[in-house]
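As a plain string of letters, each chain reads:
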Amino acid sequence: MKRKNTQKLLMAGIFLLWLLGNGILLILHEPWRDEANVWLIARELSPLQLFREIKYQGHPCLWYLLLMPFAKAGLPFRTIEVVSFLVMAAAAGIFWWKGPLNRAVKAVCLFSPVFTYFYPVIARNYCLIALFLMILAWQHPQRNRHCVRYGLLLGLLVQADTIAIPVAGLISVMWLAETMGECARRKTILPVKKVISGIWIPLASLLLWIMQFYQVSDSPQFQVQELGIGEMMGEVRNFSYVILIRLTGGSQMFCRIFFVCILAAFIWVSVKIKNAWAMVVLTGSFLFQAAFSALVYQLHIWHYISLGFVLIWAVWVLGKQAQEKGFFGKMEKGGLEAIGFLLALLSVMMFMHWNSQEEPSSLDNAINGLYSDGGNAADFIRDHISQEELVVSDNIPMASTILAYLKDHEFYYAGSGEKASYADWSEEQSRLVSYEELLGWVKETFPDKKEFYLIQTTESCIYDGEEMDKWEVLYQSECKTVRDEEYRIRKVRL
């Protein structure tokens, strides 16, 4: 009994250490434009307006809807980080306390980039993928007892992100196929009838996703490339290497060996328990990300990290399937331990690669670097520029980081002359303008103004911006930032 209590205290201490470490990284992190854009959308749009806008943002509605109550209540911008942190704390807690792997493997995974920094600190919708996959793995044995709840989790997973659709879809197919197999063995259709009460939910969620992204080709950010079969297969293979190299930092040869080892371990256990669905879900999710990168939009490290959670889900469910079939012998246990070792190896390599020069969101930048100067620029505007003054920005996505901190200020975009807020990635928000055109617009639109304030960024829509050099610089970022969000604020006299 004393030993059991000691183990519980040790586990609690390790988890508290994870909370503390990520809490410190959270305090050090400066939110940037991708976080700010979501917060501005949640703050300024109604749910109906959100559904009209969402196809240009690339992510389904759930993350925005989750943030809406906080943003509309007037809470500070950095609330978005607290929400992400709490979501990941729940996911990490389920993995740490309920996961099937040994504690050493779980601890290594917990403090690697799988669970640390990228999802709990940098507030993006991908944290929802982690949470729902951990709950689904944990609740897998209850799937046929609580069908509606299990179906609701799958439906929410669809709305977490587009890259989660194949995961949710394949898990749904697995659920239905296993149930139909049980019906065939028992010669009754009752299990399928019960599963239907829940499996319609992810299907309805998929239809909702289609409604959100109907005519997404209108967006200049997401254009489907047309490739021949041979060319597409070559690109998928290339991006498969990109994913593994970005995760591990290893060579192509190492990535091949690692992939074959993972696949061999899954095949070994799947053959032994006569159930290959967990392997199918993992492989399908991996290939989808490679194909999506080749055909639509090149994915990045946040997408790739989600595969770590699919891997955890797969090994967790594989163990549960072995137990359900009564095949949990030494051979099956050895295969699962091999997968656990490979997961730990992946976690270690991700941690080592975390501080490489190829990784902008490195551990060194997380601790010592400046991710964005938006917060400092916002503080300057709040303290020195009144809300009645005219403020113009030369880049909407960059300026959104500043605006997210300022609830009562308005910015105009130099390229279009419209009020600027969140980035909709339209051609109108990418329009270029000359210095003289900007001055002419200000004089015509605001004839009573004798001066205005211009927020200059590293990517300006004013193509002859050197003309601005004669005007007074009120604020300038002191150093280069991780995401190139440096600002200069000028007072321009008319």
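Residues numbered from 1 in each chain as written. Predicted model: local features only at pLDDT ≥ 70, side-chain atom pairs only at ≥ 80, totals over all residues. Heavy atoms only, no water.

Enquirer: Help me out: how do you make sense of the sheet that holds strand β3 (residues 419–420) in this one?
Expert: The strands making up a sheet associate through hydrogen bonds between their backbones, and the pairing can be parallel or antiparallel. On the basis of which strands lie adjacent, the open sheet formed by six strands has the order β3-β2-β1-β4-β6-β5 and mixed pairing. Because the sheet does not close on itself, it has two edges, and the strands there are β3 and β5 (472–476). Bridge count for β5 against strand β6 (residues 488–493) is four bridges, and the pairing is antiparallel. In the sheet register, Tyr 475 faces β6, and the bridge partner there is Ile 489. The sheet strands contacting helix α18 (residues 396–403) are β1 (391–393), β2 (411–413), β3 and β4 (451–456), and the helix crosses β2 at an angle near 180 degrees. Sheet contacts for helix α19 (residues 435–445): β1, β2, β4 and β6; angle to β4, the most-contacted strand, approximately 140 degrees. (Pairing = 2+ DSSP bridges. Helix = DSSP H or I, 4+ residues; strand = E, 2+ residues; numbered from the N terminus. Contact = heavy atoms within 4.5 Å. Axes fitted to C-alpha atoms, helices over the stretch in contact; angles between N-to-C directions.)

Enquirer: Teacher, can you tell me more about helix α7 (residues 126–138) here?
Expert: Every α-helix carries 3.6 residues per turn, so stepping three or four residues along brings you back to the same face. Taking 1.5 Å per residue, 13 residues should reach 18 Å; α7 reaches 19 Å between its end C-alpha atoms and fits that length. Among the 13 residues of α7, twelve are classified as buried, and the element is accordingly described as predominantly covered. All of the buried residues along α7 are Tyr 126, Cys 127, Leu 128, Ile 129, Ala 130, Leu 131, Phe 132, Leu 133, Met 134, Ile 135, Leu 136 and Ala 137. Buried residues along α7 sit in contact with α4 (62–72), α5 (79–98), α8 (147–160), α9 (165–186) and α14 (301–325). (Expected span 1.5 Å × (residues − 1). Buried < 20%, exposed > 50% of the residue type's maximum accessible area, 1.4 Å probe, protein only.)

Enquirer: What am I meant to see in the environment of Ala 399 here?
Expert: Inspection of the secondary structure assignment puts Ala 399 in helix α18. Here the alpha-carbon distance between Ala 399 and Asp 379, two residues 20 residues apart in the chain, equals 13 Å. Among all residues touching Ala 399, those that are not within four sequence positions of it are Ser 393 and Phe 411.

Enquirer: Sorry if this is basic, but what is going on with the packing of aromatic side chains here?
Expert: To describe a pair of aromatic rings, you give the distance between the ring centres and the angle between the ring planes. Under the criterion given, the structure shown has 24 aromatic pairs. Consider the rings of Phe 95 and Phe 115, whose centres lie 4.9 Å apart with planes at 20 degrees: the pair is stacked. Of this pair, Phe 95 sits in helix α5 while Phe 115 sits in the loop between α6 (103–110) and α7; the two residues are 20 residues apart in sequence, bridging distant segments of the chain. The exposure classification of Phe 95 matches that of Phe 115, with both residues buried. For the pair Tyr 119 and Tyr 126, a centre-to-centre distance of 6.2 Å together with 25 degrees between the ring planes defines the contact as stacked. When its relative accessible area of 1% is taken as the criterion, Tyr 119 is described as buried. With a relative accessible area of 0%, Tyr 126 lands in the buried category. These aromatic residues form a ring-pair network of at least three members: Trp 32, Tyr 117, Phe 118, Trp 302, Phe 351, Trp 354 and Tyr 371. Positioned above the aromatic ring of Trp 96, the side-chain terminus of Lys 106 is 5.8 Å from the ring centre. Lying over the aromatic face of Trp 32, Arg 483 brings its terminal NZ or CZ to 4.5 Å of the ring centre. (Phe/Tyr/Trp six-rings, centres within 6.5 Å; stacked < 30°, edge-to-face > 60°. Lys NZ or Arg CZ within 6 Å of the ring centre and 35° of its normal.)

Enquirer: Would you explain the packing of α5 against α6 in this entry?
Expert: A pair of packed helices can be characterised by two numbers: the angle between their axes and the separation between those axes. Packing of α5 against α6 leaves a shortest axis separation of 9 Å and a crossing angle of 165 degrees. When the axis of α5 is compared with that of α6, the two are roughly antiparallel. In terms of crossing hand, the pair formed by α5 and α6 is left-handed. Between α5 and α6, the residues in contact are Ala 92, Phe 95 and Trp 96 and Arg 103, Lys 106, Ala 107, Cys 109 and Leu 110, respectively. The residue makeup of the contact of α5 with α6, split by class, is six nonpolar, no polar and two charged. (Parallel < 35°, antiparallel > 145°, perpendicular 65-115°, else oblique. Left-handed = near helix turned anticlockwise from the far one by under 90°. Nonpolar A, V, L, I, M, F, W, Y, C, P; charged D, E, K, R; others polar.)

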